[in-house]
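# Breakdown of the fold
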Amino acid sequence: MNRRVSKAELIVRRRKLILFLVIITILFAFILSFKSQVTASNSREEFKYYTSIQIQSGDSLWSIADTYISTDHNNREEYIREVRQINHIGEYEDIHAGEYLVIPYYSYEVL
């Protein structure tokens, strides 16, 4: 037996459906905003600083890069390029024991 649905029942069903969709949308938006807040609180800001070091016998720009490089540089060559630029060292110039270099380093703490 087919029962005919009245116009009033259709309106009630549509309103229930709309209410359900609104609630789902609000929940989805809440979950997304909560997830982005958690991600933001887990990421730490890294600060760039500079320090002066005295070159020791046997030091090279490669060994200095291995000591001070951070994840902000893609590779040692990039870090060495920055050290050379800061200290106005040409590509084919050498460094010597006793000299000082200004080098960048990174920290999660404000110093």
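So, how was this worked out
Residues numbered from 1 in each chain as written. Predicted model: local features only at pLDDT ≥ 70, side-chain atom pairs only at ≥ 80, totals over all residues. Heavy atoms only, no water. Helix = DSSP H or I, 4+ residues; strand = E, 2+ residues; numbered from the N terminus. Buried < 20%, exposed > 50% of the residue type's maximum accessible area, 1.4 Å probe, protein only. Contact = heavy atoms within 4.5 Å. Areas by Shrake-Rupley, 256 points an atom, 1.4 Å probe, with all protein chains shown as cover. Phe/Tyr/Trp six-rings, centres within 6.5 Å; stacked < 30°, edge-to-face > 60°. Polar contact = N/O pair within 3.5 Å; in protein donor to acceptor, adjacent residues only side chain to side chain.

## Structural notes on the overall build of the protein chain
When you go through the protein chain residue by residue, the secondary structure sums to three helices and two strands. What you see in the protein chain, going N to C, is helices and strands ordered as α-β-α-α-β. Scored against the burial criterion, the 111 residues of the protein chain give a buried share of 19%. Sequence-distant contacts, at least 24 apart, represent 64% of the contacts inside the protein chain between residues at least 6 apart. Total accessible area computed for the protein chain in this model is approximately 9,300 Å², and 57% of it derives from carbon and sulfur atoms.

## Comments concerning the packing of aromatic side chains
A ring pair, where both rings are aromatic, is described by two values, the distance of the centres and the angle of the planes. For the coordinates displayed, the defined rule picks out one aromatic pair. Ring geometry for Y49 versus Y105: centroids 5.8 Å apart, planes at 35 degrees, classification tilted. Taken as a pair, Y49 in strand β1 (residues 47–54) and Y105 in strand β2 (residues 100–107) lie far apart in primary sequence, 56 residues in all. Looking at Y49, the relative accessible area reads 17%, which means it is buried.

## What about helix α3 (residues 76–86)?
Every buried residue of α3 is listed here: Y79, I80, E82, V83 and R84. Residues of α3 that are buried in the fold lie against β1, α2 (61–68) and β2. Put simply, N75 is the residue that caps the front of α3, since its side-chain oxygen is 3.2 Å from the backbone nitrogen of E77. H88 lies just past α3 and shows a positive phi near 55 degrees.

Note that all results are geometric; they support no functional claim without further evidence.
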